[in-house]
Protein chains: 2
Amino acid sequence: MATINDIAAKLGISKSTVSKGLNNAKDVSEEMRKRILETAVELGYANKRLQKERKALCILVENMDFQTPNQFGHDIILGFRQMAEPEGWTVDIIPIDMEFQRLTPYGVFMIEHGYQASFILGLTLLDPWMHEFRTSKIPAVLYDNYIKENPYIASVGCDSQEGFELAVKYLTSLGHKKIGLLSGPLESYILKARYNAYLSAMEKYGLEINENYIGLGYYVNDSTRKYIPKLMDQGVTAILFSHDVRAISAITECEDREIRIPQDVSIIGFDDLPMTAHMQPSLTTIRQDRLALGKCGFYALSSLLNHVPIGSILLRASLIVRDSTGPAPEHAWIDTHPQALNLPKNTTAPILS
Amino acid sequence: MATINDIAAKLGISKSTVSKGLNNAKDVSEEMRKRILETAVELGYANKRLQKERKALCILVENMDFQTPNQFGHDIILGFRQMAEPEGWTVDIIPIDMEFQRLTPYGVFMIEHGYQASFILGLTLLDPWMHEFRTSKIPAVLYDNYIKENPYIASVGCDSQEGFELAVKYLTSLGHKKIGLLSGPLESYILKARYNAYLSAMEKYGLEINENYIGLGYYVNDSTRKYIPKLMDQGVTAILFSHDVRAISAITECEDREIRIPQDVSIIGFDDLPMTAHMQPSLTTIRQDRLALGKCGFYALSSLLNHVPIGSILLRASLIVRDSTGPAPEHAWIDTHPQALNLPKNTTAPILS
């Protein structure tokens, strides 16, 4: 671990200037302070004094609501705090956005605030800090994201493969054979993982993998509108979704088209958002236990702080069976509604997704 | 969690008889004691009194040497104890074998000794207790093994995929294109994982996957003797091994055949056994940090004991580059030694593997 001496030597300045820069003293220019902090990050310096005073972790949150118990991030954060705070850690919750990341490098942010480590929720591959994580030496745990070859960064998430295997096994037991997937685009780590999990579950149960059973699109409602008819046209009798929000969108779409759930098509979401139990029909879904995910996040951080280079922790998935799944229909919906798909297609707005 | 009452009700006997049975009192028949213990296991009873007195965990070891620092299991056990004992746990190390497992069901063994949870090293899919783990409700962590759909059992291991990706990336940078794999048979969980990791790494780096580059065999030396000539005959210039012991066997085999390592063929092991640094040539290998693996084992057990249903923890792999790897030869060995493979084949014992 680098010391103040190392930073001073590298920049050719005195130890006291480095110390002033790190501690935000007024008689160091803003430019010098920036150079000192960036060198500190580069060399892997940790501000022991601040850390000793504070024993502090932060949870950095982007693209995820967490303020109320109904929101996705709430229980993840609660679970983390339930593990961390009894061990004497202060946990700060800090919403971040792209702009914030562009203004301050991650390492500088962490050193300035004396955070020993971070738990990071909701970042995508497009976020500026993701690049920095490849080489950062500050322990961090990413939810549903994975950084290769950096032993300071671990990943936690729910086991997508186990989740989709449970779902396909269950659907198979109900007689379904043509099972589709509707997902967001594969640019995100977790969507790619779920896509692969779908393929592997289909293969495992000896079911046909057919690209016409799969729809990928960025905008939720637009891609639902585009792909539900396409999949029904192929004779698909059950659809898996990469996230509950897409499955919920499909409930509306099917209602509009008078496709009955589950009589004509069974649908299964992923996440078990609190609202899914109250949909009409209530949604069968793969549960991510968010409280447990938060706790896993803390286990992973503890291990990194103890120099145990965990790469990933996967939490068990479970299938919550509700009303949106049922036995496969005797005849595919398209065979009994041969004209059905022509009508709405012509009356809807152009497809964007 | 079941109580003594539940056991008594299920067996139609008094609470005091149950209590005597659980505590090994003399005035309960051996047969009754057995029925009580088995019912206790079935109902998920935990002996709170014994557990309160003892706060005890066990490490169950089969097929793995661990007594001296040079042996594979030594540091795994040490790492586990380094985490567990400061938290007040007693850790017993218990070698087990097939016979032992057949005599006493796992659940009965755990309850009788008041162990809250176990860390399990070296079991294969053939071990009798593996079947019981599918439904056991006693927290257990398995090294290099995975039990589906049971939230009481977690898995820890080193990330085979990361390991083989590092190896193939490195070999590619040295100009190798035809890269082979020698492994044990795919009946074990971890060997299957490594086999898949090999395929996925080859695919990732755009290299040809060819079944003639792959050799699987149970007996180490026999399968080395069989497959080294086969792979060399195919023009393979580098070979990955599922375990160091196989790579070490290949060093001898190549020496016998005057195949030079690394000039004619580069070889990479997996495990970083202490002896690999002292081989001639010293072995390039993928390191499993065994101390960290033991610590991971305790993190996983802690999380299960806290009702956080972790499925698996994967530790980072790292590539340790030594002398058994070098630049790909300009001409494959077989092209410059066209007669070489006929001789030893006729002089060796029949191939058994």
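Predicted model only: the values in this text are computed from it and were never measured. (Residues numbered from 1 in each chain as written. Chains lettered and ligands numbered in written order. Predicted model: local features only at pLDDT ≥ 70, side-chain atom pairs only at ≥ 80, totals over all residues.)

Quick word on the overall build of chain A
Of regular secondary structure, chain A possesses 15 helices and twelve strands. With respect to the principal axes defined by its C-alpha atoms, chain A has extents near 80 × 40 × 35 Å. Residue burial in chain A is summarised as follows: out of 353 residues, 48% are buried. Pairs at least 24 residues apart make up 71% of the contacts formed inside chain A by residues separated by at least 6 positions. (Helix = DSSP H or I, 4+ residues; strand = E, 2+ residues; numbered from the N terminus. Buried ≥ 20, exposed ≤ 12 C-beta atoms within 10 Å, placed from the backbone. Contact = placed C-beta atoms within 7 Å.)

Section: the environment of K15 of chain A
All names here are of chain A. Structurally, the position occupied by K15 is in helix α2 (residues 15–22). Residue K15 is classed as partly exposed on the basis of its 13 C-beta neighbours within 10 Å. For the pair K15 and Y146, spaced 131 residues apart in the sequence, the C-alpha separation amounts to 37 Å. Non-local contacts of K15, meaning those with residues more than four positions away in its chain, are made with I4, N5 and A8.

Details of the packing of helix α9 (residues 160–173) of chain A against helix α10 (residues 189–204) of chain A
Residues and elements named next belong to chain A. In the contact formed by α9 and α10, the axes pass within 8 Å of each other and the chain directions differ by 40°. In terms of orientation, α9 and α10 fall into the oblique class. Viewed along their axes, α9 and α10 form a crossing whose handedness is right-handed. The segment α9 lies against α10, with S160, Q161, G163, F164, E165 and V168 engaging A193, R194, A197, Y198, S200, A201, M202 and K204. For the contact of α9 with α10, the residue count by class is seven nonpolar, four polar and three charged. (Axes fitted to C-alpha atoms, helices over the stretch in contact; angles between N-to-C directions. Parallel < 35°, antiparallel > 145°, perpendicular 65-115°, else oblique. Left-handed = near helix turned anticlockwise from the far one by under 90°. Nonpolar A, V, L, I, M, F, W, Y, C, P; charged D, E, K, R; others polar.)

Focus on the relation of the copies chain A and chain B
The two copies are related by a screw operation: chain A maps onto chain B through 180° of rotation and 0.0 Å of translation along the axis, at an RMSD of 0.1 Å. The superposition operator between the copies reduces to a two-fold rotation axis. Looking at the rotation axis and the C-alpha trace of chain A, the residue lying nearest is I313 of chain A, at 2.2 Å. Here 100% of the interface residues in chain A have copies in chain B that are interface residues too; the copies meet face to matching face. (Least-squares fit on C-alpha atoms with pLDDT ≥ 70 in both.)

Looking at unusual backbone geometry
Residues and elements named next belong to chain A. At the junction of Q280 and P281, the peptide bond is cis and its omega measures out at 0° in the coordinates. Positionally, P281 belongs in the loop between β9 (266–271) and β10 (284–287). Even without being a glycine, D271 presents a positive backbone phi close to 135°. Take D271: it is sitting in strand β9.

Remarks on the interface of chain A and chain B
With 18 residues of chain A at the interface, the matching set in chain B holds 18 residues. Listed by contribution, the elements that provide at least two residues to the side of chain A that touches chain B are α13 (290–305) and β11 (310–315) of chain A. It is β11 of chain A that provides the largest number of residues to the side of chain A that touches chain B, a total of six residues. Split into classes, the residues belonging to the side of chain A that touches chain B amount to ten nonpolar, four polar and four charged. As paired elements, β11 of chain A and strand β11 (residues 310–315) of chain B share five bridges and run antiparallel to each other. Across the sheet, the residue bridging to I313 of chain A is I313 of chain B, located in β11 of chain B. (Pairing = 2+ DSSP bridges.)

Quick look at the domain arrangement of chain A
Accessible area lost on assembly of the parts is the figure often given for the size of an interface. Splitting chain A by domain gives domain 1 (1–45) and domain 2 (160–289 + 318–347). The C-alpha centroid of domain 2 of chain A is placed 55 Å from the C-alpha centroid of domain 1 of chain A. (Domains from an automatic or database assignment.)

Quick notes on the environment of Y189 of chain A
For Y189 of chain A, the location among the structural elements is in helix α10. Dropping the residues within four chain positions of it, Y189 of chain A is found in contact with L125, D144, N145 and Y146 of chain A.

Brief notes about helix α7 (residues 106–113) of chain A
If you check which residues of α7 of chain A are buried, you get Y106, G107, F109, M110 and I111 of chain A. Phi turns positive one or two residues past the end of α7 of chain A, at G114 of chain A, with a value near 65°.

Let's talk about the environment of E253 of chain A
All names here are of chain A. The residue E253 is located in helix α12 (residues 244–256) in this model. Classification of E253 by C-beta neighbours within 10 Å gives partly exposed; the count is 18. Along the primary structure E253 and L43 are separated by 210 residues, whereas in three dimensions their C-alpha atoms are 54 Å apart. For E253, the residues in contact, after removing those within four places along its chain, are T224, R225 and I228.

Re α12 of chain A
Residues and elements named next belong to chain A. Over its 13 residues, α12 runs 19 Å from end to end, which matches the ideal 18 Å to within 8%, given 1.5 Å per residue. Where α12 is concerned, the buried positions are D244, V245, R246, A247, I248, S249, A250, I251 and C254. Where α12 is buried, its residues contact β6 (179–183), α11 (220–233), β8 (238–241), β9 and β10. (Expected span 1.5 Å × (residues − 1).)

Side note on the sheet that holds strand β12 (residues 318–320) of chain A
All names here are of chain A. Taken together, six strands build an open sheet; the order of strands is β7-β6-β8-β9-β10-β12 and the sheet is mixed. The two strands at the open ends of the sheet, each matched to only one other strand, are β7 (214–216) and β12. The mean inter-strand angle of the sheet, taken between neighbouring strand axes irrespective of direction, is 20°. As paired strands, β10 and β12 are joined by three bridges and run antiparallel to one another. Of the residues in β12, the one forming a bridge with R287 is S318. α10 rests against β6, β8 and β9 of the sheet, and its axis sits at about 175° to β6. Contacting β6, β7 and β8, α11 runs over the sheet at an angle of about 170° to β7.

Overview of the pairing of β6 of chain A
All names here are of chain A. Within β6, five of the five residues are buried, leaving the element largely enclosed by the surrounding structure. Burial along β6 is two-sided: I179, L181 and S183 and G180 and L182, pointing in opposite directions, are all buried. Read from β6 through α10 to β7, the crossover connection turns out right-handed. (Right-handed = clockwise from strand over helix to strand, strands pointing away.)

Looking at the confidence of the model for chain A
Looking at chain A as a whole, the pLDDT averages 90, with 94% of positions reaching at least 70. Under a pLDDT of 50 for its full length, residues 343–353 of chain A has, in the predicted model, 14 contacts with residues more than four places off or in other chains. (pLDDT = per-residue confidence, 0-100.)

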